[in-house]
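Letter by letter, the chains look like this.
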Amino acid sequence: MYKKRKAPVTSDPEKAYGAALRTAMNIVGYKDNTLYQLRTKLLERGYSETTVDDVCEFMTAKGYVNDSRMIFRFARSLALNKLYGKRRIMRELSLKKFTDEAYDAFTFDSDELDDVDFVEVCLKLLKKKGGARDDKTFACLMRYGHSPSDIKEAYRRLENEDE
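Residues numbered from 1 in each chain as written. Predicted model: local features only at pLDDT ≥ 70, side-chain atom pairs only at ≥ 80, totals over all residues. Heavy atoms only, no water.

Asks: When you look at helix α4 (residues 67-81) in this model, what are you seeing that I'm missing?
Replies: With 15 residues, α4 should reach 21 Å at 1.5 Å per residue; the first-to-last C-alpha distance of 20 Å fits that figure. Looking only at α4, the buried set comprises Asp-67, Met-70, Ile-71, Phe-72, Ala-75, Leu-78 and Ala-79. (Helix = DSSP H or I, 4+ residues; strand = E, 2+ residues; numbered from the N terminus. Expected span 1.5 Å × (residues − 1). Buried < 20%, exposed > 50% of the residue type's maximum accessible area, 1.4 Å probe, protein only.)

Asks: Even after reading the chapter, I still don't get the packing of aromatic side chains, so can you show me in this structure?
Replies: Working definition: an aromatic ring pair is given by the centre-to-centre distance plus the angle between the planes. Going through the model one piece at a time under the given rule, you end up with 6 aromatic pairs. Ring geometry for Phe-72 versus Phe-106: centroids 5.1 Å apart, planes at 40°, classification tilted. With Phe-72 in helix α4 and Phe-106 in the loop between α6 (100-105) and α7 (118-128), this residue pair connects regions lying 34 residues apart in the sequence. The burial state of Phe-72 is the same as that of Phe-106; both residues are buried. Judged by centre distance (5.1 Å) and plane angle (75°), the rings of Phe-106 and Phe-108 are edge-to-face. Members of the aromatic cluster, connected to one another through ring pairs, are Phe-72, Phe-106, Phe-108 and Phe-118. When the ring centre of Tyr-84 is taken as origin, the NZ or CZ atom of Arg-88, which lies over that ring, is 4.2 Å away. Above the ring of Tyr-155, the side-chain terminus of Arg-133 is found at 4.4 Å from the ring centroid. (Phe/Tyr/Trp six-rings, centres within 6.5 Å; stacked < 30°, edge-to-face > 60°. Lys NZ or Arg CZ within 6 Å of the ring centre and 35° of its normal.)

Asks: Teacher, can you tell me more about the packing of helix α1 (residues 13-30) against helix α3 (residues 49-61) here?
Replies: Packed helices, taken two at a time, are described by the angle between their axes plus the distance between the axes. In contact at an axis separation of 9 Å, α1 and α3 are set at 50° when each is read in the N-to-C sense. If you check the angle between α1 and α3, you find them oblique. Considering only the axes of α1 and α3, their crossing is right-handed. Two secondary-structure elements touch here, α1 through Ala-16, Tyr-17, Ala-20, Leu-21, Ala-24, Met-25 and Val-28 and α3 through Thr-51, Asp-54, Val-55, Phe-58 and Met-59. (Axes fitted to C-alpha atoms, helices over the stretch in contact; angles between N-to-C directions. Parallel < 35°, antiparallel > 145°, perpendicular 65-115°, else oblique. Left-handed = near helix turned anticlockwise from the far one by under 90°. Contact = heavy atoms within 4.5 Å.)

Asks: I tried to follow the side chain of Ser-147 on my own but got confused; where do I start?
Replies: You can see Ser-147 is positioned in the loop between α8 (135-143) and α9 (148-162). Not counting the four nearest positions on each side in its chain, Ser-147 is found in contact with Arg-87 and Met-142.

Asks: It is not clear to me how the nonpolar core should be interpreted in this structure. Could you clarify?
Replies: Most often, soluble globular proteins keep nonpolar side chains buried together rather than apart. In terms of nonpolar packing, the biggest core is built from 27 residues, with Ile-71, Ile-89, Phe-106 and Leu-113 touching the most fellow members. Elements with a contribution of two residues or more to this core: α4, α5 (86-96), α7 and α9. Not counting residues up to four positions away in its chain, the partners in contact with Phe-106 are Ile-71, Phe-72, Ala-75, Met-90, Leu-93 and Leu-113. The next biggest cluster of nonpolar side chains, apart from the first, holds 14 residues, and it includes Ala-24, Val-28, Met-59 and Val-65. (Core = buried A, V, L, I, M, F, W, Y, C linked by side-chain atoms within 4.5 Å.)

Asks: I keep staring at the environment of Phe-138 and nothing clicks. Help me out?
Replies: Take Phe-138: it is sitting in helix α8. Here the alpha-carbon distance between Phe-138 and Pro-148, two residues 10 residues apart in the chain, equals 8.4 Å. For Phe-138, the contacting residues outside a window of four places in its chain are Pro-148, Ile-151 and Tyr-155.

Asks: Hey, could you run me through the environment of Asp-134 in this one?
Replies: Within the element layout of this structure, Asp-134 appears in the loop between α7 and α8. The exposure class of Asp-134 is partly exposed, given its relative accessible area of 35%. As a C-alpha pair, Asp-134 and Asp-32 span 102 residues in sequence and 40 Å in three-dimensional space.

Put into structure tokens, the structure is as follows:
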């Protein structure tokens, strides 16, 4: 298994900052990370708190790390790829540890999620599960985070397609 390299201990704060910044760029270049994730990864690699704070501040200021943008992208991905409903998405978002500002700015009514129709997402999941109108399927859709009203509308649309 790959083991993360610890940062070489240096007494020169400028060299430590440069090394941490290169590491942060590599981390973000590989995959989008939340500020919390980037901070944790840098600390795991042995960089000091002050160096990590400075690097995170720079990465945020330049827009390389943007929790507000990422929270909407993550929510869209969960809805369209995993077919999750609003409740399950909120639960998954809370596990990601986005910044408080990102949570405060997040709503399902925003422009970033305008094209996501949660009834249509529920309908896709319903078709994937066989389209049966029984308690087991209803409970499954509820576990995926869909509301009872979305589920009922998805069943209605499915019946209209069958006619």
